[in-house]
Amino acid sequence: MDSRRNFLKKTAIASTAMATLPSFSFGIVKNRMPEDEIIGHGDFRYKVHKDWAKMTVGHNPILNCHEMQMDSKGRLIMLGDHTDNNILVFDKSGKLLDYWGTRYPGGHGLTLHDEGGEDMLYIVDCGWFQDRTGKWAKQSGTVSKTTVEGRLLFMLPDPRTIGVYSKDQDYLPTETAIGPNGDIYVADGYGSDYILQFDAKGEFIRKWGGHDHEDENLNLRNAHGITVDYRDKKNPVLIVTSRATNSFKFFTLDGQYIKTVELPGAFVCRPVMDDSNIYSGVCWSQTREGKDYVRDTGFVTILDEDNKVVSNPGGEAPHYKNGKLQKMYQSKTPIFNHGHDVCIDGDKNVYVCQWNAHHTPPIKLKRV
């Protein structure tokens, strides 16, 4: 683990792709907020249900809960990085309905897409995994398209094998998004920070981003997440996470830069759309002493239709001064370790997948 920490520290200092991951230490976090407390702000307030998932990690072991999607049947499909069961499938009551998957030791990104009335999954293995001794190691990442039952349909090519990357460039993807015409967008968030665009059959189209442009607007630093924003139905755009710079960047579907939404202090994961709102897990928040990547500093952040932060469940209330968002912090009595992803159901409840959360399943936030 020390080698991984050292690698991540060096890459953060160098402002390269991967924005540090601290060591695993599964102790009990003290001074947690009582579970009957209401968290959040404004119209987005929630009661915490930590015991929502009715399962035992002895039978279905968990390392980390990375992402979750809801399918057309209302089932909650979670991706983790334990190869006894990469995929866990729940109903909304928390009952475990199914589990499968042994091929994704770096299970990280999960996208569900309706293709002709059939749900399809795009599963990203980021390449980082724990070996048999518990040490972190890396290998090439992968993007796989499967059915919701786990049948593999195809895998996207490694960009180094098709001349898109040089042989010495890392490919450690973290997330996908599917465009309105079926194009597949891959965020290489732990690798070389490019967005790679493929057609629906997996043929490469273009790439953009990276972190070597003179114009900082064009750079991505830890491009951890990506989604398609359909709020303007006539003009859908891409929202891309630049986690190391605490921001979301907006691009056209062919990669032209539009704007940046700053989220000071919040190392956000992927943007998740629900109606006119953007939700995101905050994997780390800067401490009040100005330290970054400190363990157990996560929360959830919610933006409105104007991309203004309106609630921070598990964090302090957002504050704007002269129209500028001030730094955001975890609440002084924390509820989360690291918010890695969120999923929103039809009742506007939020399910929070956590990284480095002591082998625990997702937490449910019931809207009040």
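Scroll up for the structure.
In this report, we go over the structure that sits alongside the text. (Residues numbered from 1 in each chain as written. Predicted model: local features only at pLDDT ≥ 70, side-chain atom pairs only at ≥ 80, totals over all residues. Heavy atoms only, no water.)

**Quick look at the overall build of the protein chain**
Part 1 of the argument: When its secondary structure is counted, the protein chain shows 1 helix and 30 strands.
Part 2 of the argument: Against the compact-globule benchmark of 21 Å for 368 residues, the protein chain has a radius of gyration of 19 Å, which places it among compact chains.
Part 3 of the argument: Counting over 368 residues, the protein chain shows a buried share of 58%.
Part 4 of the argument: Of the contacts formed within the protein chain by residues at least 6 apart in sequence, a portion of 50% connects residues at least 24 apart.
Part 5 of the argument: Summed over all atoms, the accessible surface of the protein chain reaches about 15300 Å², with 48% contributed by carbon and sulfur.
Part 6 of the argument: Averaged over its 45 positive side-chain charges, the protein chain has a centre that lies 4 Å from the centre of its 48 negative ones. (Helix = DSSP H or I, 4+ residues; strand = E, 2+ residues; numbered from the N terminus. Rg over C-alpha atoms; globule rule 2.2 N^0.38 Å. Buried < 20%, exposed > 50% of the residue type's maximum accessible area, 1.4 Å probe, protein only. Contact = heavy atoms within 4.5 Å. Areas by Shrake-Rupley, 256 points an atom, 1.4 Å probe, with all protein chains shown as cover. Lys, Arg positive; Asp, Glu negative; His and termini not counted. Charge placed at Lys NZ, Arg CZ, Asp CG, Glu CD.)

**A look at the side chain of Ser192**
Part 1 of the argument: Among the secondary structure elements, Ser192 is positioned in the loop between strand S14 (184-187) and strand S15 (194-198).
Part 2 of the argument: Classification of Ser192 by relative accessible area gives buried; the value is 9%.
Part 3 of the argument: Looking at Ser192, its side chain comes within polar contact range of the main-chain oxygen of Asp170, at 2.8 Å. (Polar contact = N/O pair within 3.5 Å; in protein donor to acceptor, adjacent residues only side chain to side chain.)

**Regarding the sheet that holds strand S29 (residues 350-354)**
Part 1 of the argument: Read across the sheet, 5 strands follow the order S1-S2-S30-S29-S28 without closing on themselves; strand pairing throughout is antiparallel. If you trace the sheet from one side to the other, it starts and ends with strand S1 (38-41) and strand S28 (339-344), each paired once. With direction set aside, neighbouring strand axes in the sheet form an average angle of 30°.
Part 2 of the argument: Sheet topology places strand S2 (residues 44-49) next to strand S30 (residues 363-367); 4 bridges connect them, and they run antiparallel. Counterpart to His49 in the pairing with S30 is Lys364. (Pairing = 2+ DSSP bridges. Axes fitted to C-alpha atoms, helices over the stretch in contact; angles between N-to-C directions.)

**Digging into the pairing of strand S3 (residues 65-70)**
Part 1 of the argument: Burial analysis of S3 places 5 of its 6 residues in the buried class, which makes it a mostly covered element.
Part 2 of the argument: Across 5 bridges, the pairing between S3 and strand S4 (residues 76-80) is antiparallel. Opposite Cys65, over in S4, you have Gly80 as the bridge partner.
Part 3 of the argument: What sits between the antiparallel neighbours S3 and S4 is a turn of 5 residues, in which Gly74 has the positive phi angle 80°.

**Some remarks on the pattern of salt bridges**
For side chains of opposite charge, pairing can occur when their charged atoms come near one another.
Part 1 of the argument: Under the counting rule described, the total for this entry stands at 13 salt bridges.
Part 2 of the argument: In this structure, the salt-bridge partner of Arg221 is Glu216, at a minimum N-O distance of 2.9 Å.
Part 3 of the argument: When its relative accessible area of 37% is taken as the criterion, Glu216 is described as partly exposed.
Part 4 of the argument: Each member of the salt-bridge network shares a partner with another, and the members are Glu67, Glu175, Arg270 and Asp341. (Salt bridge = Lys/Arg side-chain N within 4 Å of Asp/Glu carboxyl O.)

**Focus on the packing of aromatic side chains**
Part 1 of the argument: Counted according to the given criterion, the structure contains 12 aromatic pairs.
Part 2 of the argument: Taken together, a centroid distance of 6.1 Å and an interplanar angle of 70° make the contact between Tyr185 and Trp208 edge-to-face. Taken together, the residues span a long stretch of sequence, with Tyr185 in strand S14 and Trp208 in strand S16 (residues 204-209) at a distance of 23 residues. Accessibility assignment for this pair places Tyr185 and Trp208 in one class, buried.
Part 3 of the argument: Each residue in the set Tyr185, Trp208, Phe251 and Tyr257 is aromatic and connected to the rest through ring pairs, giving one cluster.
Part 4 of the argument: A cation over an aromatic ring shows up here: Lys259 above the ring of Phe250, its NZ or CZ 4.9 Å from the ring centre.
Part 5 of the argument: Taking NZ or CZ as reference, Lys308 lies 4.8 Å from the ring centre of Tyr320, over its face. (Phe/Tyr/Trp six-rings, centres within 6.5 Å; stacked < 30°, edge-to-face > 60°. Lys NZ or Arg CZ within 6 Å of the ring centre and 35° of its normal.)

**Regarding the sheet that holds strand S5 (residues 87-90)**
Part 1 of the argument: Spatially, 4 strands are ordered S3-S4-S5-S6 in an open sheet, and the strand pairing comes out antiparallel. Only two strands of the sheet have a single partner each, and these edge strands are S3 and strand S6 (96-100). The average undirected angle you get between the axes of adjacent strands in this sheet is 20°.

**Considerations on empty space enclosed by the protein**
Space left empty within the atom packing is revealed by a probe, the size of a water molecule, rolled over the atoms.
Part 1 of the argument: Counting across every chain of the model gives 2 cavities of 30 Å³ or more.
Part 2 of the argument: Approximately 30 Å³ is the volume attributed to the second largest cavity.
Part 3 of the argument: Surrounding the second largest cavity, Pro61, Ile62, Leu63, Asn64, Met78, Gly80, Asp81, His82, Asn85, Asn86 and Leu88 form its lining.
Part 4 of the argument: When grouped by side-chain class, the residues that make up the lining of the second largest cavity number 5 nonpolar, 5 polar and 1 charged. (1 Å grid on protein atoms, 1.4 Å probe; cavity = no way out; pocket = protein on both sides within 12 Å on 5 of 7 lines; lining within 4 Å. Points joined across faces, edges and corners; volume = space filled by probe spheres on them. Nonpolar A, V, L, I, M, F, W, Y, C, P; charged D, E, K, R; others polar.)

**Describing the state of the cysteines**
Part 1 of the argument: According to the stated counting rule, one finds 0 disulfides in the structure shown.
Part 2 of the argument: You can see Cys283 has no disulfide; the closest cysteine sulfur is in Cys269, sitting 4.3 Å from it.
Part 3 of the argument: Judged by its relative accessible area of 2%, Cys283 falls in the buried class.
Part 4 of the argument: With no disulfide partner, Cys353 has as its closest neighbouring cysteine sulfur the one in Cys65, 5.5 Å distant. (Disulfide = S-S within 2.5 Å.)

**What about the environment of Lys95?**
Part 1 of the argument: Within the element layout of this structure, Lys95 appears in the loop between S5 and S6.
Part 2 of the argument: The residues contacting Lys95, other than those within four sequence positions of it, are Lys54, Val89 and Phe90.

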